[in-house]
Amino acid sequence: MPVIVEKKYLHLSKDEVTFTTESGYTFDELTIAYEVYGEPDIYKNNVVLVLHALSGDSHAAGKYREDDKKAGWWDGLIGPGKYIDTNEYCVICSNVLGGCQGTTGPSSINPRTGKPYAADFPKINIRDMVRVQKILLDKLGISHLRAVIGGSMGGMQALEWAVTYPTMMDKTIVIAATPALSPFNIAFNYLGLSAILNDPNWNGGYYYESGLKPDKGLSLARMIGMITYKSDELFDVRFGREKDPSGMFQCERYMEHHGQSFLQRFDANTYVYILRAMNEHDISKPYGSMKRALQRIDSDVLVIGIDTDIIYPPKYLKEFVSNLNKVGGCAVYKELSSIQGHDSFLVDIDLLGPIVKSFIQQEQTNREAKIVEL
Ligand SMILES: CC(=O)SCCNC(=O)CCNC(=O)[C@H](O)C(C)(C)COP(=O)(O)OP(=O)(O)OC[C@H]1O[C@@H](n2cnc3c(N)ncnc32)[C@H](O)[C@@H]1OP(=O)(O)O
Ligand SMILES: N[C@@H](CCO)C(=O)O
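Residues numbered from 1 in each chain as written. Chains lettered and ligands numbered in written order. Predicted model: local features only at pLDDT ≥ 70, side-chain atom pairs only at ≥ 80, totals over all residues. Heavy atoms only, no water.

In the nomenclature of an unreviewed UniProt entry, the chain corresponds to Homoserine O-acetyltransferase from the organism Caldanaerobius fijiensis DSM 17918. Quoted verbatim from the Sequence similarities (unreviewed entry) field of UniProt, the annotation for the chain is "Belongs to the AB hydrolase superfamily. MetX family." In the Function (unreviewed entry) part of its UniProt record, the chain is described as follows: "Transfers an acetyl group from acetyl-CoA to L-homoserine, forming acetyl-L-homoserine." (UniProt positions renumbered as here; feature names shortened; annotations may be inferred.)

This is the structure we're talking about:
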């Protein structure tokens, strides 16, 4: 029997919104889409905040209806008796600011114009996303987190959480992400951005009312992204050089499928805003140096790399762990060995799950003892 879950919305009206982006825009209204799995304990001390990646959403686990074709994107990890056991923990996941799955984003109606924000949506960054999640937790009365966890852009948010609100969580789990986005990733993102921005229907982002969407650009951007989330070995094993009856390579069909199906669930403006937010990701920015940013981290940190990840190679993740420990942090590195590439964290749940489970359950390091040791 699937766990039936409900998507909820926190709507903040003009009188209630106090959120200003780092770029200086104050929203007149804000909606945050979120889901909750499990129950908070009486002290609300068992909450795990899950942060989604680029194309994810608040639907991390369960099904909305029994006959849904698919469950949430981390359903293998989260649920009763699963690695993040919702009999023990209360898991919360929300759609990011700028998203297109219920939280205010470029396709939402701008109350100042009565039309979608489109390119009038303000510039956002990963810290803005995190500050909006903090508003949600405040409204839910949650002031302490057992853990924050996320992969890829979710890992960037987890890091920002650890630096921005360092005493709020016991544990931070960062999967396949780095403290600042690498130039290699920025270059790949440039291809995705170029695909959308050069689509004849782009119209500077103001395409909602024309009925003509920049679908070609968005599907090309997704296909470019998909290659970076996989691995050479995976494609070799899965598709080889096989063709379908029409003469198309299976790997080409696969790309085509993902490019087309993305159009059913994603908005081109959200893609552009989120890629730009990822490009700016750098936890050191508000603090003047990486060392100062790392010194703020107070939680135990688990960093998980993937040996075949071409966009977040393990060497950067190990370097981050080493730098954090050098400034008195308490970080460990674990690696998944998988042919799945970057997407391993979404696919290899039985490799990832035991590592996550034991880390969340472990006692938090005694920080006072640590300070004395230093
Ligand atoms: C952390 C986050 O929040 S991310 C949110 C989750 N992300 C997504 O849902 C994004 C879309 N999905 C994906 O990227 C992947 O499905 C993952 C990463 C979630 C899982 O990866 P995998 O289990 O390897 O799935 P895979 O990459 O094979 O994709 C399966 C799809 O490809 C299709 N497919 C597989 N082989 C072929 C082929 N030769 N030709 C055409 N289509 C193919 C399948 O029919 C299936 O289609 P469907 O998704 O429409 O049902
Ligand atoms: N494949 C995942 C991870 C990207 O980093 C996604 O689409 O969000």
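Caption draft 1: Quick peek at the pattern of salt bridges. Counted by the stated rule, this structure contains 12 salt bridges. Linking R65 and D67 is a salt bridge whose minimum nitrogen-to-oxygen distance equals 3.0 Å. You can call D67 exposed: its relative accessible area is 55%. We note a salt bridge from D128 to R131, for which the minimum N-O separation is 2.9 Å. Linking D128 with R131, this pair stays in helix α1 (residues 126-139), spanning three residues, or about one helical turn. Residue classification places R131 among the partly exposed residues on the basis of a relative accessible area of 24%. Via salt bridges that share partners, K14, D28 and R112 belong to a single interconnected network. (Salt bridge = Lys/Arg side-chain N within 4 Å of Asp/Glu carboxyl O. Buried < 20%, exposed > 50% of the residue type's maximum accessible area, 1.4 Å probe, protein only. Helix = DSSP H or I, 4+ residues; strand = E, 2+ residues; numbered from the N terminus.)

Caption draft 2: Structural context of the packing of helix α5 (residues 232-239) against helix α6 (residues 250-262). Put simply, α5 and α6 touch, their axes get as near as 9 Å, and they point 110 degrees apart. With respect to their mutual orientation, α5 and α6 come out roughly perpendicular. For the pair α5 and α6, contact is made by F235, R238 and F239 and by Q250, C251, Y254 and M255, respectively. For the contact of α5 with α6, the class distribution of residues is five nonpolar, one polar and one charged. (Axes fitted to C-alpha atoms, helices over the stretch in contact; angles between N-to-C directions. Parallel < 35°, antiparallel > 145°, perpendicular 65-115°, else oblique. Contact = heavy atoms within 4.5 Å. Nonpolar A, V, L, I, M, F, W, Y, C, P; charged D, E, K, R; others polar.)

Caption draft 3: Representation of the UniProt feature "binding site: substrate" (unreviewed entry) in the chain. The positions UniProt marks with the feature "binding site: substrate" (unreviewed entry) are R222 and D343. Over a stretch of 122 residues, the named residues converge on one spot in the fold, their C-alpha atoms separated by at most 13.8 Å. Mapped onto the fold, R222 is located in helix α4 (residues 215-229). Setting aside residues up to four positions removed in sequence, R222 forms contacts with S55, Y229, H258, G259, F262, R265 and Y271. Within the secondary structure, D343 sits in the loop between β12 (330-336) and α10 (344-347). Sequence-distant contacts of D343, that is, excluding residues within four places in its chain, are made with Y229 and K230.

Caption draft 4: Molecular detail of the site of ligand 2. The immediate surroundings of ligand 2 are formed by A53, L54, S55, S152, R222, Y229, H342, D343 and L346. Here R222 contributes a side-chain N or O atom positioned 2.9 Å from an oxygen atom of ligand 2. One nitrogen or oxygen atom from the side chain of H342 is found 3.1 Å from an oxygen atom belonging to ligand 2. Summarising the interface, the protein chains cover 94% of the accessible area of ligand 2, which totals 260 Å² for the free molecule. For the shell around ligand 2, the class distribution of residues is four nonpolar, three polar and two charged. (Near = heavy atom within 4 Å. Polar contact = N/O pair within 3.5 Å; in protein donor to acceptor, adjacent residues only side chain to side chain. Areas by Shrake-Rupley, 256 points an atom, 1.4 Å probe, with all protein chains shown as cover.)

Caption draft 5: Looking closely at the UniProt feature "domain: AB hydrolase-1" (unreviewed entry) in the chain. Cross-referencing UniProt, the feature "domain: AB hydrolase-1" (unreviewed entry) maps to residues 46-326 in the present numbering. Within the segment residues 46-326, helix and strand shares are 39% and 14% respectively, and the terminal C-alpha atoms sit 30 Å apart.

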